[in-house]
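Secondary and tertiary structure notes
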Amino acid sequence: FRRVLFRSVRERLFYMLVASFSLLACSDSGHKVFIPAGKNFSIVMPCEPKTQRESSTFKDYIVQRMLYRCNGPDYAYIVTYSEYPLDIYREYSAEELLAGVVKHIEYADPPFEFISKQPLNIGGIKGVEIRSRILSPRALYRSFIFYAGDGIYQVAYSARKEIFDSPKVDAFFASMKFARQ
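Residues numbered from 1 in each chain as written. Predicted model: local features only at pLDDT ≥ 70, side-chain atom pairs only at ≥ 80, totals over all residues. Heavy atoms only, no water.

Details of the layout of surface pockets
Taken as a whole, the largest pocket holds about 790 Å³ of empty space. In terms of lining, the largest pocket is formed by 26 residues, of which the most central are Arg65, Val101, His104, Ile105 and Gln154. At the level of elements, β3 (50-58), β4 (61-71), β5 (75-83), α3 (94-106) and β9 (152-160) are the ones that each hand at least two residues to the lining of the largest pocket. The element best represented in the lining of the largest pocket is α3, accounting for six residues. Taken together, the residues that form the lining of the largest pocket break down as 14 nonpolar, eight polar and four charged. (1 Å grid on protein atoms, 1.4 Å probe; cavity = no way out; pocket = protein on both sides within 12 Å on 5 of 7 lines; lining within 4 Å. Points joined across faces, edges and corners; volume = space filled by probe spheres on them. Helix = DSSP H or I, 4+ residues; strand = E, 2+ residues; numbered from the N terminus. Nonpolar A, V, L, I, M, F, W, Y, C, P; charged D, E, K, R; others polar.)

Structure representation (structure tokens):
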């Protein structure tokens, strides 16, 4: 019990530190640190995100997914956490699961048009950055996808081309933090 209590207190302290540093890094006072209940991460988003639970399948397995989304009139900030059943790891490695998600985006049907992918590293966690065009409405899509010990995470941003690149977007991607790895 002490170990669990200590870890819980330590995690709260970690999140408080992350929150204060993230708030300093994000100059827009409308941005808030979001820490989903029971999850292992925090991220700075421009609003209190709407939460949505979905189920999908990978091979013969059911995958539970949580989406956290902030939408504006011409942009969307999205964080997705996909939780795979433990049995799946007997058949597939984390790298194979990650590759499956990346391939799904890379070969998605219109309105997505794949532009590029490149490896990335977020605090020692390896992943992939994907860039795509959304043909209707004309917009761009950028996504970081990575496996972080308990599931696959996708941090994504989409907006019209004219407003796509900005320091706020870079701050959004950089603000993704994990309590433990």
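A look at the pattern of salt bridges
For the structure shown, the criterion picks out eight salt bridges. Its salt-bridge partner being Asp87, residue Arg90 comes within 3.3 Å of it at the nearest N-O pair. A relative accessible area of 73% means that Arg90 is categorised as exposed. For the salt bridge of Arg142 with Asp170, the shortest nitrogen-to-oxygen distance reads 3.2 Å. (Salt bridge = Lys/Arg side-chain N within 4 Å of Asp/Glu carboxyl O. Buried < 20%, exposed > 50% of the residue type's maximum accessible area, 1.4 Å probe, protein only.)

Brief notes about the state of the cysteines
Per the counting criterion, the structure on display carries one disulfide. Across the disulfide, Cys47 is cross-linked to Cys70 (sulfur-sulfur distance 2.3 Å). Linking Cys47 and Cys70, the disulfide has an S-S dihedral of approximately -125° and is accordingly described as left-handed. Taken as a pair, Cys47 in the loop between β2 (41-45) and β3 and Cys70 in strand β4 lie far apart in primary sequence, 23 residues in all. Among the residues examined, Cys70 registers a relative accessible area of 0% and is labelled buried. (Disulfide = S-S within 2.5 Å.)

Some remarks on the packing of aromatic side chains
Scanning the model with the defined rule gives 17 aromatic pairs in all. Among the aromatic residues, those joined into a cluster by ring pairs are Phe34, Phe41, Tyr68, Tyr81, Phe146, Tyr153 and Phe178. Over the face of the ring belonging to Phe58 we find Lys59, whose NZ or CZ atom lies 5.8 Å from the ring centre. Across from the ring centre of Phe173, 4.5 Å away, lies the NZ or CZ of Arg142, which sits over that ring. (Phe/Tyr/Trp six-rings, centres within 6.5 Å; stacked < 30°, edge-to-face > 60°. Lys NZ or Arg CZ within 6 Å of the ring centre and 35° of its normal.)

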